[in-house]
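Understanding the architecture of this molecule
Okay, here's what each chain looks like letter by letter:
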Amino acid sequence: MKITTRKNINDFLNCKTIALAGASRNQNSFSGQVAAHLTKLGYKLLLINPAFGNNPNGPNQYSSVNDLPDYITHLLIITPASETEKVVKQAIGKGIKNIWIQQSSDTPEALKLADTNDINLVFGHCIFMFTQPEGFHRFHFRVKKLFGGIPR
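Described below are features of the structure shown in this document. (Residues numbered from 1 in each chain as written. Predicted model: local features only at pLDDT ≥ 70, side-chain atom pairs only at ≥ 80, totals over all residues. Heavy atoms only, no water.)

1. So, the packing of aromatic side chains
Scanning the model with the defined rule gives three aromatic pairs in all. Centre to centre, the rings of Phe30 and Phe128 are 5.7 Å apart; their planes meet at 75 degrees, and the pair counts as edge-to-face. Placement of Phe30 in helix H2 (residues 30–40) and of Phe128 in the loop between strand E6 (120–123) and helix H5 (135–146) is noted, with a sequence separation of 98 residues between them. Residue Phe128 is classed as buried on the basis of its relative accessible area of 5%. Among the aromatic residues, ring-to-ring pairing joins Phe12, Trp100 and Phe130 into one connected group. A cation over an aromatic ring shows up here: Lys16 above the ring of Tyr43, its NZ or CZ 4.1 Å from the ring centre. (Phe/Tyr/Trp six-rings, centres within 6.5 Å; stacked < 30°, edge-to-face > 60°. Helix = DSSP H or I, 4+ residues; strand = E, 2+ residues; numbered from the N terminus. Buried < 20%, exposed > 50% of the residue type's maximum accessible area, 1.4 Å probe, protein only. Lys NZ or Arg CZ within 6 Å of the ring centre and 35° of its normal.)

Laid out in structure tokens, this is it:
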């Protein structure tokens, strides 16, 4: 298994259009906070959640990775770990080559699947740490950096 490098992270974050699997309508949820933060930084997000079904609340909401437009190349996964492998399979089937699996969403099977399919993979890290962290996330970043937990 490859490790996550700063290059993997930069390659992922350089794209300003990202699909987010595990999106929530609840703005206070972790994925809701991530979506708000990335939107504030100028990212265009396409939100994915099976609960959206055929009744999305707005544009750029999808019920599955399979429903995304073909031009999407970057996927952030913030799903329950039990769903992650399925989402990675869908992403590979869609030709998505850049995947960030949020820490706690990863599984050995999902990581191996991404690794064996030549995906630019980021895993084991919180996206907040690398996108102008604020508040607690800034403190967390500094602690991780101090103790060598930030990829080079």
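2. Comments concerning the sheet that holds strand E2 (residues 44–48)
Strand order across the open sheet formed by six strands is E3-E2-E1-E4-E5-E6, with parallel pairing between neighbours. Only two strands of the sheet have a single partner each, and these edge strands are strand E3 (61–62) and E6. Of the pairings in the sheet, the one linking strand E4 (residues 74–77) to strand E5 (residues 98–101) comprises four bridges and is parallel in character. When the sheet's bridge partners are listed, Leu75 is paired in E5 with Ile99. (Pairing = 2+ DSSP bridges.)

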